[in-house]
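The chain contents come next:
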Amino acid sequence: MADLRKVEEGLGHTPVINEGGHDHEKVSKTDDGDRIDHEKEDKGAALDHSVDPKEEEQAVLPQKSKRVATLDVFRGLTIVVMILVDDAGDAYERMNHAPWNGCNLADFVMPFFLFIVGVAIALALKKIPKVKDAIKKVILRTLKLLFWGILLQGGYSHAPDELSYGVDMKQIRWFGILQRIALVYCVVALIEIFTTKVRPTVLKPSHFAIFSAYRWQWLGGFVAFVIYMITTYTLYVPDWDFVLHDKHGAKRYTVICGMRGHLGPACNAVGYVDRQVWGINHLYTGPVWIRLKACTLSSPNFGPLREDAPNWCRGPFEPEGLLSSISAILSGTIGIHYGHVLIHFKGHSERLKQWVSMGVVLVVIAIILHFTDAIPLNKQLYSFSYVCLTAGAAGLVFSFFYVLIDIWGLRTPFLFLEWIGMNAMLVFVMAAQGIFAAFVNGWYYETPDKSLVHWIESHVFINVWKSERLGTLLYVIFAEITFWGVVAGILHKLGIYWKL
């Protein structure tokens, strides 16, 4: 049985919305998932308590509800793209993260996750019987996400290539993908819980009524925006240094800054906050800026450092840092708005009008900000233009899938994405984080590079197609994405899901 709570972090099942009815909704649990059913409100009965028993009996009859498969499909698509860019991004630079300013395919993954987290929160916390219980569940789920994030990306796991585990606590990485999701989820969910008593039951007849109805959610997002912008553009960034260890010993490098409002790799406030809060030894040691032309002649691909490369090219940087994660709260806020639209607007056209219009506006704002050089698109800094572009794109993609799947009924072609979305946490850990591949690699012949995974990739794909780039891409598509789509489908048929 699906658990309504596990949709909150965007890694579980999705509740369903009935397309019929117009007013009050009630949550009911069934064997095939949590469903949000809608009951028509008899306005006459609301004023006159004497209701005909036959009419009352007819009113309580359960109506058929329909699962909004788009949420699972969208979540599954995000997981698939993550696997694709993580494992094939080095072969195709346009799939990989932009080295600094700009936005490539990989740069859409994180905000898409946060968007669907927001949508799921709106549905999962639609009815809150007990506020204290809801708060406890949110805090507990946040702690679970933090634990898994540190375990998988803190340096303890060396999967899939290195058959070892363990991390020096002096160098553990405190922040990562799941940690950012945990922070955004916690903030957005708590705002949703604490404002439960001021939620409207009926919206005013206005296009902007839903914005004013959930003004506290937007206020939370605005506060996060203000904190990020003020800190980014006013915080003084002093010179900083770091130490690298190699076979020749330790060497100290110094980066000259002494400025405010810098948006380049070396002296931005985002990196400075992380160095002060977490410590320079606890940051990610392979930042994407190493692919910039200033760092390597192989740009935009990875390559050896230039002899005249500036010192910051060798330095650490946390792409999921604290200040940038505060900006990421906006992605969750926009996502929860889409969830509120899904709840309050019952007609397809009404929902799409809200979703598409907002998506287009956000994309236009992002384009203007980026191409006027006011605020460049930058995933590493999680700039405001980047928030607008990715959230707008997420809204448009979500609307596109909604039309195809929930309106036109074209669900079958996207079943494998839906299955992956239903077991997103499992596929994220086993595939995207390489835990399953590491397990298989542990059974090797003579040397660790002679395992089943390496043999399949080299002999079945790369050697057959006589191309490492194409072979790698096909391996990821068929041996990873297709494989886990089938596994997720089997687990769905068996009713097995990973719950946090």
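Check the entry above for the structure.
Residues numbered from 1 in each chain as written. Predicted model: local features only at pLDDT ≥ 70, side-chain atom pairs only at ≥ 80, totals over all residues. Heavy atoms only, no water.

Asker: Give me the overall build of the protein: which residues, what numbers.
Answerer: Scanning the protein from terminus to terminus reveals 17 helices and nine strands. For the protein, the residues scored as buried account for 51% of the 500 residues in total. Across the protein, contacts joining residues at least 24 apart in sequence account for 72% of those joining residues at least 6 apart. Surface exposure of the protein reaches about 23600 Å², of which carbon and sulfur atoms provide 63%. (Helix = DSSP H or I, 4+ residues; strand = E, 2+ residues; numbered from the N terminus. Buried < 20%, exposed > 50% of the residue type's maximum accessible area, 1.4 Å probe, protein only. Contact = heavy atoms within 4.5 Å. Areas by Shrake-Rupley, 256 points an atom, 1.4 Å probe, with all protein chains shown as cover.)

Asker: So what about helix α8 (residues 215-234)? Which residues, and what values?
Answerer: Look at α8: 28 Å from first C-alpha to last across 20 residues, which is about the 28 Å you get at 1.5 Å a residue. Turning to α8, its buried residues number three or more, namely Gln217, Gly220, Gly221, Ala224, Tyr228, Met229 and Thr232. Take α8 and look down its axis: the buried residues cluster within an arc of 160 degrees, on one side only. Against α6 (177-194), α9 (269-277) and α10 (322-344) lie the buried residues of α8. (Expected span 1.5 Å × (residues − 1). Arc of directions from axis to C-beta.)

Asker: I'd love a proper account of the side chain of serine 451, names of residues and values included.
Answerer: Along the chain, serine 451 turns up in strand β9 (residues 447-451). A residue is classified by how much of its surface remains accessible, and serine 451, at 4% relative accessible area, is buried. There is a polar contact of 2.8 Å between the side chain of serine 451 and the side chain of histidine 454. What serine 451 contacts, discounting residues up to four positions off in sequence, is Val440, Asn441, Trp443 and Tyr444. (Polar contact = N/O pair within 3.5 Å; in protein donor to acceptor, adjacent residues only side chain to side chain.)

Asker: Please provide a residue-by-residue account of empty space enclosed by the protein, values included.
Answerer: Any empty space left between the atoms is revealed when a probe the size of a water molecule rolls over them. Overall, the coordinates contain three cavities of 30 Å³ or more when judged by the stated rule. Of the pockets and cavities examined, the largest cavity occupies roughly 60 Å³. Around the largest cavity, the lining residues are Asn101, Tyr228, Thr232, Tyr233, Leu263, Ile375, Pro376, Asn378, Leu381 and Ser383. For the lining of the largest cavity, the class distribution of residues is six nonpolar, four polar and no charged. There is about 40 Å³ of room inside the second largest cavity. Forming the walls of the second largest cavity are Val188, Ile191, Gln217, Gly220, Gly221, Ile329, Thr333 and Ile336. Residues of the lining of the second largest cavity, tallied by class, amount to four nonpolar, four polar and no charged. (1 Å grid on protein atoms, 1.4 Å probe; cavity = no way out; pocket = protein on both sides within 12 Å on 5 of 7 lines; lining within 4 Å. Points joined across faces, edges and corners; volume = space filled by probe spheres on them. Nonpolar A, V, L, I, M, F, W, Y, C, P; charged D, E, K, R; others polar.)

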